[in-house]
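What the coordinates show
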Amino acid sequence: MNAERPRILSGARASSPRIHIGNYEGAVKPWIDLQDDHEMYCMIADYHGLTTLGATPPDLGYWSRECAKDFVACGLDPEKCAIFIQSRVPQHAELHLILSMFTGLGKLERVPTFKEKKDNLGSDQQVSYGLLGYPVLQSADILLYRPFGVPVGKDQAAHLELSREIGRSFNSAYGVDYFPDFYTIVSTDESRSTLPGLDMRKMSKSYDNCIYINETADETAKKIMSAFTTPSKMKLSDPGIPEGCAVCQYLRLYSPNWESQWNEDRQGLRGCVQNKRELIEILNEFLRPMRERRAQIDDAEIERILADGTERATDFAAQTMREVRQIMRLA
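Here's a quick rundown of the structure. Not measured: the values here are computed from a predicted model.

1. Points about the overall build of the chain
The secondary structure content of the chain amounts to 15 helices and 5 strands. Taken along the three principal axes of its C-alpha coordinates, the chain extends 75 × 40 × 35 Å. A distance of 3 Å separates the average location of the 40 positive side-chain charges in the chain from that of its 47 negative side-chain charges.

2. Some remarks on the packing of aromatic side chains
The full count for this structure, using the stated rule, is 14 aromatic pairs. Both rings, one in Trp31 and one in Phe71, keep their centres 5.4 Å apart while their planes meet at 85°; by these two values the pair is edge-to-face. With Trp31 in helix α1 (residues 21-34) and Phe71 in helix α3 (residues 60-74), the pair connects residues that are 40 residues apart, well separated along the chain. For the pair formed by Trp31 and Phe71, the shared burial category is buried.

3. What to know about the pattern of salt bridges
Taken as a whole, this structure holds 24 salt bridges when the rule is applied. With its nearest N and O atoms 2.8 Å apart, the salt bridge here joins Asp199 to Arg201. One salt bridge connects Arg270 with Glu278, and the closest N-O pair in it is separated by 2.9 Å. Residues joined by salt bridges that share partners form a network here, namely Glu66, Lys69, Asp70, Arg294 and Asp299.

4. Details of the environment of Gly49
Of note, Gly49 is situated in helix α2 (residues 46-49). Classification of Gly49 by relative accessible area gives buried; the value is 7%. Between the C-alpha atoms of Gly49 and Asp238, which are 189 residues apart in sequence, the distance is 45 Å.

5. Points about the environment of Lys80
Looking at the secondary structure, you find Lys80 in the loop between α3 and β3 (81-85). Once the C-alpha coordinates of Lys80 and His92 are considered, the two residues, 12 residues apart in sequence, prove to be 22 Å apart.

6. Examining the environment of Arg88
With respect to the helices, strands and loops of the structure, Arg88 is situated in the loop between β3 and α4 (91-100). Residue classification places Arg88 among the partly exposed positions, given a relative accessible area of 31%. Between the C-alpha atom of Arg88 and that of Gly75, which follows or precedes it by 13 residues, the distance is 23 Å. Residue contacts for Arg88: discarding those within four places in its chain leaves Arg65, Glu303, Leu306, Thr310 and Thr314. Reaching out from Arg88, the side chain makes a polar contact with the side chain of Glu303 at a distance of 3.2 Å.

7. Remarks on helix α8 (residues 134-143)
Counting along an α-helix, one turn takes 3.6 residues, and residues three or four places apart therefore face a common direction. In terms of residue burial, α8 counts as a mostly covered element, since 10 of its 10 residues are buried. Within the span of α8, buried status applies to Tyr134, Pro135, Val136, Leu137, Gln138, Ser139, Ala140, Asp141, Ile142 and Leu143.

8. As for the side chain of His96
In this fold, His96 is placed in helix α4. Judged by relative accessible area, His96 falls into the buried class, the value being 17%. Sequence-distant contacts of His96, defined by excluding residues within four places in its chain, comprise Tyr129, Gly133, Val136, Leu137 and Ala140.

9. A look at the nonpolar core
Within the largest apolar cluster, 52 residues are counted, with the highest numbers of intra-cluster contacts made by Ile21, Val28, Phe71, Leu76, Ile83 and Tyr250. Contact partners of Leu76, with chain neighbours within four places excluded, come to Val28, Trp31, Ile32, Gln35, Cys42, Phe71, Cys81 and Ile83. Membership of the second largest hydrophobic core comes to 35 residues, among which are Ala82, Leu108, Ile142 and Phe179.

10. Considerations on helix α11 (residues 217-225)
Along α11, the residues classified as buried are Thr220, Ala221 and Ile224. One side of α11 holds all its buried residues, which, seen down the axis, span an arc of 100°. Opposite its buried face, α11 presents the exposed residues Asp218 and Lys222, each directed more than 90 degrees away. As for α11, its buried residues are in contact with α12 (246-254) and α14 (272-295).

11. A look at the pairing of strand β1 (residues 7-13)
Counting buried residues along β1, 5 of its 7 residues qualify, which places the element largely inside the surrounding structure. As judged from the 7 bridges shared by β1 and strand β2 (residues 39-45), these two strands associate in the parallel manner. By the bridge assignment for β2, Gly11 is matched with Met43.

12. Digging into the side chain of Asn275
Position of Asn275 relative to the elements: it lies in helix α14. In terms of polar contacts, Asn275 uses its side chain to reach the side chain of Arg270, at 2.8 Å. If near-sequence neighbours (up to four positions away) are discounted, Asn275 is found in contact with Val247, Cys248, Leu251, Asp265 and Arg270.

13. Some thoughts on the packing of α1 against α14
Across the interface, α1 lies against α14 with an axial gap of 13 Å and an inter-helix angle of 70°. By the angle class used here, α1 and α14 are roughly perpendicular. The residues of α14 that touch α1, namely those facing Ile21, Tyr24 and Glu25, are Leu283, Phe286, Leu287 and Met290. In the contact of α1 with α14, the residues fall into 6 nonpolar, no polar and 1 charged.

What counts and what doesn't
- Residues numbered from 1 in each chain as written.
- Predicted model: local features only at pLDDT ≥ 70, side-chain atom pairs only at ≥ 80, totals over all residues.
- Heavy atoms only, no water.
- Helix = DSSP H or I, 4+ residues; strand = E, 2+ residues; numbered from the N terminus.
- Lys, Arg positive; Asp, Glu negative; His and termini not counted.
- Charge placed at Lys NZ, Arg CZ, Asp CG, Glu CD.
- Phe/Tyr/Trp six-rings, centres within 6.5 Å; stacked < 30°, edge-to-face > 60°.
- Buried < 20%, exposed > 50% of the residue type's maximum accessible area, 1.4 Å probe, protein only.
- Salt bridge = Lys/Arg side-chain N within 4 Å of Asp/Glu carboxyl O.
- Contact = heavy atoms within 4.5 Å.
- Polar contact = N/O pair within 3.5 Å; in protein donor to acceptor, adjacent residues only side chain to side chain.
- Core = buried A, V, L, I, M, F, W, Y, C linked by side-chain atoms within 4.5 Å.
- Arc of directions from axis to C-beta.
- Pairing = 2+ DSSP bridges.
- Axes fitted to C-alpha atoms, helices over the stretch in contact; angles between N-to-C directions.
- Parallel < 35°, antiparallel > 145°, perpendicular 65-115°, else oblique.
- Nonpolar A, V, L, I, M, F, W, Y, C, P; charged D, E, K, R; others polar.

Structure follows, in structure tokens:
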């Protein structure tokens with residue numbers, strides 16, 4: 001990789017063995033847009049997947065490898081970016097431990113996403129130190145690569161400000177300017193960064209309202225036919241409300257004729273079934289090349305890609321930790 005290009009660290013939590021179109025639009029597509037002009041490190045965050053495991057821990061190794069296949073199928077180029085699994089680069093855990101010494105407990109308890117995840121835990125689950133310390137590990141993930149910028153969704157913006165604060169605390173303690181104040185790169189396209197699920201809630205595996213990259217065309221069609229539309233539109237001539245219709249939200253992204261489709265829907269000139277049938281054809285055609293590429297990626301190929309990405313990430317991360325230990329007079 002060309003070290004003269006601005007360095008970017010991006011990551012996705014390993015919370016499922018496959019990614020959905022919300023993941024693609026909100027995270028992976030922005031990474032693809034950046035990979036030509038930046039030095040990219042694309043991480044599958046399996047340690048973060050441990051923070052809300054529940055009673056039965058999943059096979060995170062399998063989940064991570066399948067997620068990597070989706071990344072490549074979507075268009076991430078292993079020649080242009082290092083694709084790797086977090087736990088295979090041990091420096092992430094080491095820097096996490098060090099940075100935890102520079103982070104106040106009160107700051108972690110005030111992070112909005114901690115409160116949300118804590119409230120969403122089942123009654124049989126305890127709040128773990130790992131869940132509370134999630135932002136510290138995320139800070140280590142980022143600062144390890146001393147990046148120019150980090151592309152994230154809006155819900156992670158608070159974490160990134162905390163990451164900058166932790167980096168400043170380290171710098172201040174040792175009188176250095178080592179960890180940079182990186183930029184937060186947030187998509188300005190709200191329709192892509194906040195794509196709703198099939199039921200108009202947030203698209204999430206836990207809600208079972210996702211369209212996945214690696215499902216079949218028939219599975220996608222079945223889901224779209226059951227998707228949420230305007231409740232008050234009982235017959236074709238009733239006016240629709242496309243802003244509150246999941247199908248219309250997807251048409252806005254994937255149909256070149258979405259404006260006329262929305263206008264006709266609003267005026268009661270088209271029905272929900274017509275919208276759904278047109279979306280099925282458009283969306284399956286959009287996903288077809290990704291699905292074809294994914295079918296060609298076997299386990300041996302993804303292991304080769306991950307091994308190469310791990311080597312590239314480890315080379316940089318190891319250099320950072322050597323310098324951190326020198327600054328701290330640990331070495």
